[in-house]
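In case you want the letters, here they are:
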Amino acid sequence: MKVATAAYNLDWLDSWAQYEDKLDRWVSEAAGQGAELLVFPEYGAMELSTLDGADVAGDLERSIRAVSDRMEDVHNLHTRLAQAHKIYILGASAPVNDGFRRPVNRAAFYAPGGGCDHQDKQIMTRFEREEWDIAPGGPIKLFDTELGKIGVLICYDGEFPLLGRALQEADLILVPSCTEALSGYWRVRIGAMSRALENQCVTVMASLVGNNDWSEAVDKNTGTGGVFGPPDKGFPQTGVLAEGTLNQPGWVFADVDLSAIANVRADGHVLNRTHWHEQLPRAETVIISPLS
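Let me sum up the structure you'll find in this document.

Conventions we followed
Residues numbered from 1 in each chain as written. Predicted model: local features only at pLDDT ≥ 70, side-chain atom pairs only at ≥ 80, totals over all residues. Heavy atoms only, no water. Salt bridge = Lys/Arg side-chain N within 4 Å of Asp/Glu carboxyl O. Helix = DSSP H or I, 4+ residues; strand = E, 2+ residues; numbered from the N terminus. Buried < 20%, exposed > 50% of the residue type's maximum accessible area, 1.4 Å probe, protein only. Arc of directions from axis to C-beta. Contact = heavy atoms within 4.5 Å. Pairing = 2+ DSSP bridges. Core = buried A, V, L, I, M, F, W, Y, C linked by side-chain atoms within 4.5 Å. Axes fitted to C-alpha atoms, helices over the stretch in contact; angles between N-to-C directions. Parallel < 35°, antiparallel > 145°, perpendicular 65-115°, else oblique. Left-handed = near helix turned anticlockwise from the far one by under 90°. Nonpolar A, V, L, I, M, F, W, Y, C, P; charged D, E, K, R; others polar. Expected span 1.5 Å × (residues − 1). Patch = residues over 30% accessible without salt bridge, like charges linked within 9 Å, V, L, I, M, F, W, Y side chains within 5 Å. Areas by Shrake-Rupley, 256 points an atom, 1.4 Å probe, with all protein chains shown as cover. Disulfide = S-S within 2.5 Å.

Regarding the pattern of salt bridges
In total, this model carries 18 salt bridges according to the counting rule given. Here Glu61 and Arg102 are joined by a salt bridge, their closest N and O atoms 2.9 Å apart. With Glu61 in helix α3 (residues 60-69) and Arg102 in the loop between β4 (94-96) and β5 (104-110), the pair connects residues that are 41 residues apart, well separated along the chain. Residue Glu61 is classed as partly exposed on the basis of its relative accessible area of 29%. Under the relative-accessibility criterion, Arg102 is labelled buried at 16%.

Rendered as structure tokens:
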């Protein structure tokens, strides 16, 4: 299959039609290049807050509510695009009010047949905890699709190996991200590459890029798209299948072969995924008295 992962820049929107046109252009470009799976980044939906004006877009709490209120229209738009182009789309994540104590960070996953489900972020960053007050959502899910088994770890979630291990049966793990600094980008990227190594699978990282003075939430963003696998049989020796140019908006494409994933899991130079359980009896600290 061919996957497309976005380095996505936010725009100031004056009308819903403008947003529809933007998404249609992005999706049409990727589908036109033969992509069957499209991945948008974390908090890419925050540009929808601009539809309610500068006062709302620039206020953290009001912008969260404004974006959440638009999600039904967002769902309908993405469903239409996925069906029209016969593709899978992981939509840009958004703060969503859905019966939890506070909004959750949710990425919706759209299928070409009209089906849709979602993945909520599990572990919040300091900014989400201390400034946004975003809450953890529902459980980690594994989506069984015509393109293989697909999981989603939203940004910070990709830095935690036990969350990755919960998706050990996934062929692909999608990692939509939003990182302010270069160090943040590399934290998520290192996490994504680590999950590909441990699970002997492919991880697909999308990034928010560009600066937005109108927003308190997503004012500065650094990153690019990347697709990673285990540095082993059937994959590049670096583990990098594709990567974009830092902070340059656009799609990054990669061809992913499910048989290569199956082969490296069965007969790789190393078998990290199979040997995971051997850590458990050894993962205990032995206290040694100070050495003089």
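From this point, things continue past the structure.
Things to note about helix α8 (residues 258-267)
Turning to α8, its buried residues number three or more, namely Ala260, Ile261, Val264 and Arg265. Down the axis of α8, the buried side of the element spans an arc of 130 degrees, and every buried residue falls inside it. Looking at α8, the residues exposed on the side facing more than 90 degrees away from the buried face are Asn263 and Ala266. In the core, the buried residues of α8 are packed alongside α7 (182-199), β10 (202-209) and α9 (272-275).

Details of the pairing of strand β6 (residues 116-120)
Of the pairings in the sheet, the one linking β5 to β6 comprises five bridges and is antiparallel in character. When the bridges of β6 are listed, Ala108 appears paired with His118. Following β5, the chain reverses through five residues before pairing antiparallel with β6; Gly114 in that reversal takes a positive phi of roughly 105 degrees.

Some points on the nonpolar core
Generally speaking, a soluble globular protein has its nonpolar side chains buried in company with each other. Within the largest apolar cluster, 45 residues are counted, with the highest numbers of intra-cluster contacts made by Tyr8, Leu38, Phe40 and Ile89. Looking at this core, the elements that each hand over two or more residues are β1 (2-9), α1 (16-32), α3, α4 (71-85), β4 and β5. Considering each element in turn, this core owes the most residues, six residues, to α1. Leaving out residues up to four positions away in the same chain, Tyr8 has contacts with Tyr19, Lys22, Leu23, Trp26, Phe40, Pro41, Gly44, Glu47, Ser207, Leu208 and Val209. By size, the runner-up hydrophobic cluster in this structure holds 42 residues, among which are Val188, Val204, Val227 and Ala260.

So, the packing of α1 against α4
Two elements in contact, α1 and α4, have axes separated by 11 Å at closest approach and are oriented at 30 degrees. Here α4 runs roughly parallel to α1, going by the angle between their axes. Relative to α4, α1 is oriented so that their crossing is right-handed. Taking contact as the criterion, the partners of Trp16, Tyr19, Glu20, Leu23, Asp24, Val27, Ser28 and Ala31 in α1 are, on α4, Asp73, Val74, Leu77, His78, Arg80, Leu81 and His85. Among the residues making up the contact of α1 with α4, the classes are represented as eight nonpolar, three polar and four charged.

Points about α4
In this model α4 runs 21 Å from its N-terminal to its C-terminal C-alpha over 15 residues, within 8% of the 21 Å that 1.5 Å per residue would give. Three or more residues of α4 are buried, namely Met71, Val74, Leu77, His78, Thr79, Leu81 and Ala82. Against α1, α3, β3 (88-90), β4 and β5 lie the buried residues of α4. Just downstream of α4 lies Lys86, where phi reads positive at about 55 degrees.

Quick look at a nonpolar patch on the surface
A contiguous nonpolar patch, built from Leu182, Trp186, Ile190 and Leu246 and spanning about 370 Å² of accessible area, is present on the exposed surface. Here Leu246 shows up in the loop between β12 (240-243) and β13 (250-255).

Some details on the environment of Asp24
Relative to the helices and strands, Asp24 resides in helix α1. Along the sequence, Asp24 and Leu81 sit 57 residues apart, while their C-alpha atoms lie 7.2 Å from each other.

Remarks on the state of the cysteines
This structure, assessed with the given rule, holds zero disulfides. No disulfide involves Cys201; its sulfur sits 17 Å from that of Cys155, the nearest cysteine. Exposure remark for Cys201: the relative accessible area of 0% places this residue in the buried category.

A short note on unusual backbone geometry
Phi is positive for Cys155, close to 50 degrees, though the residue is something other than glycine. Note on placement: Cys155 falls in the loop between β8 (148-152) and α6 (161-165). Although it is not a glycine, Asn247 adopts a positive phi angle of roughly 65 degrees. For Asn247, the position within the fold is in the loop between β12 and β13.

Worth remembering: the numbers are spatial, not functional.
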